[in-house]
Amino acid sequence: QKEVEQDPGPLSVPEGAIVSLNCTYSNSAFQYFMWYRQYSRKGPELLMYTYSSGNKEDGRFTAQVDKSSKYISLFIRDSQPSDSATYLCAAVTSGTYKYIFGTGTRLKVLA
Amino acid sequence: EAGVTQFPSHSVIEKGQTVTLRCDPISGHDNLYWYRRVMGKEIKFLLHFVKESKQDESGMPNNRFLAERTGGTYSTLKVQPAELEDSGVYFCASSQAGGPRYEQFFGPGTRLTVL
């Protein structure tokens, strides 16, 4: 079983839609959770990170972690065609630097 | 400020040949990481340097892979001899300090194709 599971998609939504991207994880020791965005032929760039459970909001993006169900979510409000990319969730335990990534979800926002 | 750079962007070699990938981290970043993504799979950690010292190389697949970071600046990852299963995208990342609170900045990756 992979430590971080993510539906690869692709996910297609119309412009302006609310997008929900999700991951599940199996390692209870994970404490930090990240969402990266990766455009084609580019490296991943950090969108948000969350420590432990709770919500974090940054503009149109909201990250949510539910440690009781081992569920990680990223919500994108008012999605734009420029949001079209692959979204990667990652997790790491406290005290290590080894990010554990999901496979990524390809998102396409249609104009 | 320049980001993490990697060279080459794409390399095509034959099985059995040697390839060396290079990573230049963001200036001042002591922590450097190598990751790899094989097609259809997730990005996987290979190893972590702090300055010129290897802190964790638990993700290195086998002894055909050799990473170095002489002088604590740029790093190289050599694959010798290359096998078909080594094909994938190799990412380098760097961070100012260690630990999950310090963002790892990723380079654009080197796409390696072994024929």
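So, here is what we can say about the structure in this document. Per chain, the residues get numbers from 1 upward, laid out in the order the sequence is written. Naming scheme: in the order in which they are written, chains are lettered from A and ligands are numbered from 1. For a predicted model such as this one, the threshold for reporting local features is a pLDDT of at least 70, and the threshold for listing and counting side-chain atom pairs is 80 or more; totals across whole chains, interfaces and linings nevertheless cover every residue. Side-chain descriptors were evaluated using all non-hydrogen atoms of the structure, hydrogens and water having been removed beforehand.

What counts as a helix is a DSSP run of H or I of at least four residues, what counts as a strand is a run of E of at least two, and both are numbered from the N terminus. Looking only at helices and strands, one finds zero helices and eleven strands in chain B. Its helices and strands in sequence order give chain B the pattern β-β-β-β-β-β-β-β-β-β-β, from N to C terminus. Radius of gyration (C-alpha) of chain B: 13 Å, near the 13 Å computed for a compact globule of 115 residues. Buried residues are those whose accessible area, probed at 1.4 Å on protein chains only, stays under 20% of the maximum for their type, while exposed residues exceed 50% and partly exposed ones sit between those limits. Expressed as a percentage of its 115 residues, the buried residues of chain B come to 47%. Residue contacts are defined here by distance: any two heavy atoms, one from each residue, within 4.5 Å place the two residues in contact. Sequence-distant contacts in chain B: of pairs separated by 6 or more residues, those separated by 24 or more amount to 53%. Surface exposure here means Shrake-Rupley accessible area, sampled with a 1.4 Å probe, where a residue is shielded only by the protein chains that are shown. Summed over its atoms, the accessible surface of chain B is roughly 5,700 Å², and 48% of this surface lies on carbon and sulfur atoms. The convention is simple: Lys and Arg are positive, Asp and Glu are negative, and His and the chain ends are not counted. To locate a charge, the coordinates of NZ of Lys, CZ of Arg, CG of Asp or CD of Glu are taken. For chain B, the separation between the mean place of its 13 positive charges and that of its 13 negative charges on side chains is 3 Å. Only C-alpha atoms enter the radius of gyration; for comparison, a globular chain is expected to reach 2.2 Å times N to the power 0.38, where N is the number of residues.

All right, on to the nonpolar core then. Definition of nonpolar core: a set of buried residues of the types Ala, Val, Leu, Ile, Met, Phe, Trp, Tyr and Cys, connected through side-chain atoms within 4.5 Å. V4(A), W35(A), L74(A), I76(A) and Y87(A) are the most contacted members of the largest nonpolar core, which totals 25 residues. Elements with a contribution of two residues or more to this core: strand 3 (19-25), strand 4 (30-38), strand 5 (45-51), strand 7 (61-66), strand 8 (71-76), strand 9 (85-93) and strand 11 (105-110) of chain A. The contact partners of V4(A), leaving out residues within four places of it in the chain, are C23(A), T24(A), Y25(A), F30(A), C89(A), A91(A), I100(A), F101(A) and G102(A). Core analysis: the second largest hydrophobic core is formed by 21 residues, I13(B), L47(B), F49(B) and C92(B) among them.

The subject of this paragraph is the pattern of salt bridges. Residue and element names in this part refer to chain A. The rule for a salt bridge is simple: a side-chain nitrogen of Lys or Arg has to be within 4 Å of a carboxyl oxygen of Asp or Glu. Evaluation of the coordinates by the stated rule reveals nine salt bridges over all chains. Measuring nitrogen to oxygen at the nearest pair gives 3.2 Å for the salt bridge that ties E45 to R37. Judged by its relative accessible area of 32%, E45 is partly exposed. Assessed through its relative accessible area of 14%, R37 is described here as buried.

Take the sheet that holds strand 1 (residues 5-7) of chain B next. Residues and elements named next belong to chain B. Paired strands, as defined in this entry, are two strands with at least two bridges between them according to DSSP. What the four strands build is an open sheet, ordered 1-3-8-7; its pairing is antiparallel. Edge positions in the open sheet fall to strand 1 and strand 7 (65-68), since each of these has one partner strand only. Across the sheet, the mean angle from the axis of one strand to that of its neighbour is 15 degrees, orientation sign disregarded. Here the axes come from fitting lines to C-alpha atoms, over the contacting stretch only for helices, and the angles between their N-to-C directions go from 0 to 180 degrees.

Chain A puts 21 residues into the contact, and the matching count from chain B is 23 residues. When two components associate, each loses some accessible surface as probed by a 1.4 Å sphere; the sum of these losses over both components is called the buried area. The junction of chain A with chain B conceals about 1,900 Å² of combined surface from both sides, 58% of it contributed by carbon and sulfur atoms. Summed over the three residues of chain A that lose the most area to chain B, namely Y97(A), Y99(A) and F101(A), the buried surface amounts to 33% of that side. The tally of links from chain A across to chain B stands at one salt bridge. For K2(A), the salt bridge is made with E42(B), and the minimal N-O distance between the two is 3.7 Å. In protein, a polar contact means a hydrogen-donor-capable atom and an acceptor-capable atom, both N or O and within 3.5 Å, with residues adjacent in sequence counting only if both atoms are side-chain atoms; elsewhere, any N or O pair within 3.5 Å suffices. Here chain A and chain B share four residue pairs in polar contact (both at pLDDT 80 or more) between them. For the side of chain A that touches chain B, the secondary structure elements donating two or more residues are strand 4, strand 5 and strand 9 of chain A. For the side of chain A that touches chain B, the class distribution of residues is ten nonpolar, seven polar and four charged. Residue classes follow a fixed rule: Ala, Val, Leu, Ile, Met, Phe, Trp, Tyr, Cys and Pro count as nonpolar, while Asp, Glu, Lys and Arg count as charged, and any other residue, Gly among them, counts as polar.

Worth remembering: the numbers are spatial, not functional.
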